[in-house]
Amino acid sequence: MDKEEALKKLFQEVVSDKNLPLQEPNLVFGEGNVDAEVMFVGEAPGFHENEEKRPFVGRGGQLLNRNIEKIGWRREDVYITNIVKRRPPDNRDPLPEEIEAYKPYLTKQIEIINPLVVATLGRFSMNYFLPGAKITRDQGKVFRVGGRFIVPILHPAAALRATGMLEAFEEVFQKLPRIVSRCKKELAKTENESTTAN
């Protein structure tokens, strides 16, 4: 089964799972390049995302798009999704049990796409991968979890609320191409060492 087919099958599984919380809003599954090296993971859809059934299309999404373009990438080159696939009421933060319920689907989504780097947007997404991390302390750092690299970034909506946060968000974004390049080298080195060991 190719990646497109596997994602379609996973989409249907989410649709069919009536035990998931937040059944009323639209499903916002995720979009982008199924062979992406970089996957952006946010926390949950907002008002505009629910309306369009697409992740990151509101003001935060526009900021994300601008920064993707600034580093010479295109939105279509990356993959964008959220942990929770439906909008919590009144744009509140997702509850721990909502994150827990949608977690297996994000895990499968990541396994299918198999990105080199997961750029987490905001603390909920970051803590999914790095439970002990703090967004203000750890944004822009690179963490290796299994064969994948995790890079915490501020949530675009949070970055829009304060100039200092916006600068921090954009600064980390500027580093992303270098981070990807470094991660590729590190992964190649690890693979060479394991081949040599065998």
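Structural data are supplied above this passage.
This is a predicted model, so every value here is computed, not measured. (Residues numbered from 1 in each chain as written. Predicted model: local features only at pLDDT ≥ 70, side-chain atom pairs only at ≥ 80, totals over all residues. Heavy atoms only, no water.)

Undergrad: When you look at the pattern of salt bridges in this model, what are you seeing that I'm missing?
TA: In a structure, side chains of opposite charge can pair up when their charged atoms sit close to one another. Per the counting criterion, the structure on display carries 16 salt bridges. Taking the shortest distance from any N to any O, the salt bridge between E100 and K103 comes out at 3.6 Å. With a gap of three residues between them, E100 and K103 both fall in helix α4 (residues 96-113), about one helical turn apart. Judged by relative accessible area, which is 48%, E100 ranks as partly exposed. Owing to a relative accessible area of 27%, K103 belongs among the partly exposed residues under this scheme. Put simply, E186 and R144 hold a salt bridge, and the shortest N to O gap is 3.6 Å. (Salt bridge = Lys/Arg side-chain N within 4 Å of Asp/Glu carboxyl O. Helix = DSSP H or I, 4+ residues; strand = E, 2+ residues; numbered from the N terminus. Buried < 20%, exposed > 50% of the residue type's maximum accessible area, 1.4 Å probe, protein only.)

Undergrad: So what exactly am I meant to see when it comes to the pairing of strand β4 (residues 117-121) here?
TA: Each regular strand shows side chains that alternate between the opposite faces of the sheet. Of all five residues in β4, five are buried; the element is thus mostly enclosed. In β4, alternate side chains face the same way, and those of V117, A119 and L121 on one face and V118 and T120 on the other are all buried. One ladder, built from four bridges, connects strand β2 (residues 38-42) with β4; its direction is parallel. From the neighbouring strand, M39 faces β4, where its bridge partner is V118. Where β4 lies against strand β6 (residues 148-153), five bridges are found, and the strand directions are parallel. In the strand pairing of β6, L121 is matched with I153. (Pairing = 2+ DSSP bridges.)

Undergrad: How should helix α1 (residues 3-16) be read in this particular structure?
TA: Owing to its 3.6 residues per turn, the α-helix brings residues three or four apart onto one side. For α1, built from 14 residues, the straight-helix expectation of 20 Å at 1.5 Å per residue is met to within 8% by its first-to-last C-alpha distance of 20 Å. Among all positions of α1, only A6, L7, L10 and V14 are buried. The arc enclosing the buried residues of α1, seen along the axis, measures out at 95 degrees, which places them on a common side. Facing away from the buried side of α1 by more than 90 degrees, the exposed set consists of K8 and S16. Packing partners of the buried residues in α1 comprise β3 (79-82) and α4. Between the side-chain oxygen at the start of α1 and the backbone nitrogen of E4 there is a gap of 3.3 Å, and the oxygen is on D2. (Expected span 1.5 Å × (residues − 1). Arc of directions from axis to C-beta. Contact = heavy atoms within 4.5 Å. Polar contact = N/O pair within 3.5 Å; in protein donor to acceptor, adjacent residues only side chain to side chain.)

Undergrad: In this structure, what is going on with α4? I would like to understand it.
TA: For α4, built from 18 residues, the straight-helix expectation of 26 Å at 1.5 Å per residue is met to within 8% by its first-to-last C-alpha distance of 25 Å. Approximately 40 degrees is the largest bend angle found in α4, and it occurs at K103, with the proline P104 only one to four residues beyond. Residues of α4 that are buried: E98, I99, Y102, Y105, L106, Q109, I110, I112 and I113. Looking at the buried positions of α4, the neighbouring elements they touch are α1, β2, β3, α5 (123-129) and β6. Note on α4: the residue one or two positions beyond its end, N114, has a positive phi of about 55 degrees. (Bend = angle between axes of the 7 residues up to and from the residue.)

Undergrad: Just to check I follow, could you spell out the side chain of E49 for this structure?
TA: For E49, the position within the fold is in helix α2 (residues 47-52). Lacking a salt bridge, the buried E49 has R87 as its closest oppositely charged neighbour, with an N-O distance of 7.1 Å. (Lys, Arg positive; Asp, Glu negative; His and termini not counted.)

Any link to function would need more than the numbers given here.
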